[in-house]
Amino acid sequence: MENYSDIKQSEKGAWLSLIAYILLSAIKLFIGNVSGSQALLADGLNNSTDIIASIAILIGLKISRRPPDSNHSYGHFRAETVAALIASFIMIAVGIQVLYQGVNKFIQPALETPDLFAAWTAAGCAVVMLAVYMYNIRLARALHSNAMQAVAQDNRSDALVSMGAFIGIIGSQFGLPWLDPVTAVIVGLLICKTAIQIFSKATHDLTDGFDAGELELMKQTVAEIEGVESIKDMKARVHGNYVLVDTTVLVDSRLNVVQSHDITEEIEDQLKGRHQVADVLVHIEPV
């Protein structure tokens, strides 16, 4: 169950994202202030929240690699989920601040036109984040890591936000200065949207929520196994990046212990192979 080597590999992608966010946020905030671009400032603040999120994920991954102990029989895999929940609160706060600044800039009587250098900065940062996204998405697919999949999607969203800032700044050069603060507002909304999604997913996993459609597919897989008469009960939950399943199946009462055990082994193999389940607890009952 505990694939600790995969978690350690995932840390490489999280470190890459963290370093990229630190460098890009510093560049964006500096040039955004110098050029007077609210969109680039908002993009820089967005990356600053990503720094927090990356640190939270790194801490979560490191804690997740701790082996089970007397107080954590299932391991520490949920530490990453708790860290994501904390990061979502910080991201919402920053998103609201970005929205406030963008709206305040928009309602000012005189709107400044940002320097064109800010636009090329945003475009360059977008290219960098796309490169980081390509690395992390390959890593996520190779390791089948849900955490790295989320990091990669965040990288791609940041690249799109930077492209939005580029469009807003270019638009202001063509006599549309209001487009820059409007883009800042859109960036603020994107930050809040991402934060709410992270919060929703984290709370869903921490309260043992599980996708009903996926659970139904698991039931169909078990029902097709030879020797399983019917499924009395099946439950699933997410523990960090791992899926745990508990199921009770009914079998012919005339089967001996070895035959019943073979059925449980087949159930475990099918669920692990076809649904990427990490651990399965099977309870056998006679019809």
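Residues numbered from 1 in each chain as written. Predicted model: local features only at pLDDT ≥ 70, side-chain atom pairs only at ≥ 80, totals over all residues. Heavy atoms only, no water.

*Asks:* I would appreciate a short explanation of the packing of helix H7 (residues 212-223) against helix H8 (residues 257-275) in the present structure.
*Replies:* A pair of packed helices is captured by two measures, namely the crossing angle of their axes and the spacing between those axes. One way to put it is that H7 packs onto H8 with a least axis distance of 10 Å and a crossing angle of 135°. If you check the angle between H7 and H8, you find them oblique. When the axes of H7 and H8 are compared, the crossing they make is right-handed. On the side of H7, the interface is formed by Glu-214, Leu-217, Met-218, Thr-221 and Val-222, while H8 contributes Ile-267, Gln-270, Leu-271, Arg-274 and His-275. Residues that form the contact of H7 with H8 fall into these classes: five nonpolar, three polar and two charged. (Axes fitted to C-alpha atoms, helices over the stretch in contact; angles between N-to-C directions. Helix = DSSP H or I, 4+ residues; strand = E, 2+ residues; numbered from the N terminus. Parallel < 35°, antiparallel > 145°, perpendicular 65-115°, else oblique. Left-handed = near helix turned anticlockwise from the far one by under 90°. Contact = heavy atoms within 4.5 Å. Nonpolar A, V, L, I, M, F, W, Y, C, P; charged D, E, K, R; others polar.)

*Asks:* Please clarify how the packing of aromatic side chains should be interpreted in this entry.
*Replies:* How two aromatic rings sit relative to each other is set out by the distance from centre to centre and by the angle between their planes. Counted by the stated rule, this structure contains two aromatic pairs. Each ring, one from Trp-120 and one from Phe-166, has its centre 5.6 Å from the other, and the planes form 50°; the classification is tilted. Taken together, the residues span a long stretch of sequence, with Trp-120 in helix H4 (residues 116-143) and Phe-166 in helix H5 (residues 146-173) at a distance of 46 residues. (Phe/Tyr/Trp six-rings, centres within 6.5 Å; stacked < 30°, edge-to-face > 60°.)

*Asks:* I tried to follow the pattern of salt bridges on my own but got confused; where do I start?
*Replies:* Pairs may arise between side chains of opposite charge once their charged atoms sit close together. With the rule as written, the count across this model stands at eight salt bridges. Put simply, Asp-233 and Lys-235 hold a salt bridge, and the shortest N to O gap is 4.0 Å. Residue classification places Asp-233 among the partly exposed residues on the basis of a relative accessible area of 33%. (Salt bridge = Lys/Arg side-chain N within 4 Å of Asp/Glu carboxyl O. Buried < 20%, exposed > 50% of the residue type's maximum accessible area, 1.4 Å probe, protein only.)

*Asks:* Would you take a moment to explain the packing of helix H2 (residues 38-64) against helix H6 (residues 179-206) for this structure?
*Replies:* Close contact between H2 and H6 brings their axes to 7 Å; oriented N to C, the two are set at 15°. Relative to H6, the element H2 lies roughly parallel. The element H2 and its partner H6 pack so that their crossing is left-handed. Residues Gln-38, Ala-39, Ala-42, Asp-43 and Asn-46 of H2 form the contact with H6, whose participating residues are Asp-180, Pro-181, Thr-183, Ala-184, Val-187 and Ile-191. Among the residues making up the contact of H2 with H6, the classes are represented as six nonpolar, three polar and two charged.

*Asks:* Hey, could you run me through the environment of Gln-38 in this one?
*Replies:* Structurally, Gln-38 can be placed in helix H2. Classification of Gln-38 by relative accessible area gives buried; the value is 16%. Note: C-alpha distance between Gln-38 and Lys-232 (194 residues apart in sequence) is 59 Å. Setting aside its immediate chain neighbours within four residues, Gln-38 contacts Gln-101, Lys-105, Asp-180, Pro-181 and Ala-184.

*Asks:* Would you mind showing me how to read the sheet that holds strand E1 (residues 230-239) here?
*Replies:* The strands that make up a sheet pair up through hydrogen bonds in the backbone, lying either parallel or antiparallel. Reading across from one edge, E1-E2-E3 is the order of the three strands in this open sheet, with mixed pairing throughout. Unpaired on one side and paired on the other, E1 and strand E3 (279-286) mark the two borders of the sheet. The average undirected angle you get between the axes of adjacent strands in this sheet is 10°. Pairing of strand E2 (residues 242-251) with E3, which is carried by eight bridges, proceeds in the parallel orientation. Of the residues in E3, the one forming a bridge with Thr-247 is Val-282. Relative to the sheet, H8 contacts E2 and E3, its axis offset from that of E3 by approximately 145°. (Pairing = 2+ DSSP bridges.)

*Asks:* What am I meant to see in unusual backbone geometry here?
*Replies:* The phi angle of most residues is negative, glycine excepted, and most peptide bonds adopt the trans form. Positive phi outside glycine occurs at Asp-208, with the angle close to 60°. Its place among the elements puts Asp-208 in the loop between H6 and H7. You will see that Gln-276, though not glycine, has its phi angle at about 55°, which is positive.

*Asks:* Can you walk me through the UniProt feature "transmembrane region" (unreviewed entry) in the protein chain in this structure?
*Replies:* On the UniProt side, "transmembrane region" (unreviewed entry) is annotated at positions that read residues 12-32, 44-61, 82-100, 116-136, 157-176 and 182-200 here. The span residues 12-32 carries 100% helix and 0% strand; its end-to-end C-alpha distance comes to 30 Å. Counting secondary structure, residues 82-100 comes out at 100% helix and 0% strand; the distance between its end C-alpha atoms is 28 Å. (UniProt positions renumbered as here; feature names shortened; annotations may be inferred.)

*Asks:* Just checking my understanding: could you explain a negative patch on the surface for this structure?
*Replies:* Taken together, the side chains of Asp-262, Glu-265, Glu-266 and Asp-269 make up a negatively charged region of the molecular surface. Counting through the fold element by element, Asp-269 comes out in helix H8. (Patch = residues over 30% accessible without salt bridge, like charges linked within 9 Å, V, L, I, M, F, W, Y side chains within 5 Å. Areas by Shrake-Rupley, 256 points an atom, 1.4 Å probe, with all protein chains shown as cover. Lys, Arg positive; Asp, Glu negative; His and termini not counted. Charge placed at Lys NZ, Arg CZ, Asp CG, Glu CD.)

*Asks:* Would you mind going over the pairing of E1 with me for this structure?
*Replies:* Relative to E2, E1 runs antiparallel, the two being bridged by nine bridges. Following the sheet pairing, Met-234 is matched in E2 by Thr-247. Hairpin connection, E1 to E2: the antiparallel pair is bridged by two residues, and Gly-240 has positive phi, about 70°.

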